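# Commentary on secondary and tertiary structure
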Amino acid sequence: MKNISSNDLKSILASHKLWIDSKYKEGKRANLRNADLEGADLKGANLVQANLSGANLYAANLEDANLYAATLEGANLAYANLSGASLVNADLEGADLVNANLEDANLEGAIVTGTEKEKVESSLRAKFDEFAKSLGFEIVSLTVKRTETINL
């Protein structure tokens, strides 16, 4: 795990923004592979096609971040706030999403193979159960459908 200072992170993100804005002619693609970004505030960050493989993003704030086609393979996203984030076509293979906030996140086309799926499903089921209980209901059976059916 490599430590990234706040200044280094700002520099990496600025170079990445230039890379995106110049259509890959200037700047440099963000390479945050195996970076320790625990608790980092990346709210609204443009991380399109960034490499975050194996990164520790435990409890990081990625609210409204653009992670389109980003590589997050094996990343630790447990307890991360991904509400409103775009994860379209992102590679989340083997990522830990336990207790991550995915409210209003767009996961269209995202690769989620090998994620902590059972734990994510349990987390989703717990959230649905909590919501139903607050309304005075009990969920007996629940099926969530997107591109595949997940029986909880």
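In case you missed it, the structure is sitting above this.
So, a few notes on the structure that sits alongside this text. (Residues numbered from 1 in each chain as written. Predicted model: local features only at pLDDT ≥ 70, side-chain atom pairs only at ≥ 80, totals over all residues. Heavy atoms only, no water.)

## Some words on the side chain of Ser22
- Tracing the sequence through the fold places Ser22 in the loop between helix H1 (6-21) and strand E2 (35-36).
- At a separation of 2.8 Å, a polar atom in the side chain of Ser22 contacts the main-chain amide nitrogen of Glu26. (Helix = DSSP H or I, 4+ residues; strand = E, 2+ residues; numbered from the N terminus. Polar contact = N/O pair within 3.5 Å; in protein donor to acceptor, adjacent residues only side chain to side chain.)

## A look at unusual backbone geometry
- Unlike most non-glycine residues, Ala69 shows phi in positive territory, near 55°.
- Counting through the fold element by element, Ala69 comes out in the loop between E2 and helix H2 (117-134).

## Details of the pattern of salt bridges
- Applying the stated criterion across every chain yields a total of two salt bridges.
- When the shortest N-O distance is used, the salt bridge between Lys17 and Asp21 registers 2.6 Å. Of this pair, Lys17 and Asp21 are both found in helix H1, four residues apart, which corresponds to roughly one turn of the helix. (Salt bridge = Lys/Arg side-chain N within 4 Å of Asp/Glu carboxyl O.)

## Some details on the environment of Tyr68
- With respect to the helices and strands, the residue Tyr68 is situated in the loop between E2 and H2.
- A polar contact of 3.5 Å, which involves the side chain of Tyr68, links it to the side chain of Asn89.

## Quick notes on the environment of Ser11
- Positionally, Ser11 belongs in helix H1.
- Considering only alpha carbons, one finds Ser11 and Ala30, 19 residues apart in sequence, at a separation of 9.7 Å.

So, to be careful, I would describe these as geometric facts and stop short of saying anything about function.
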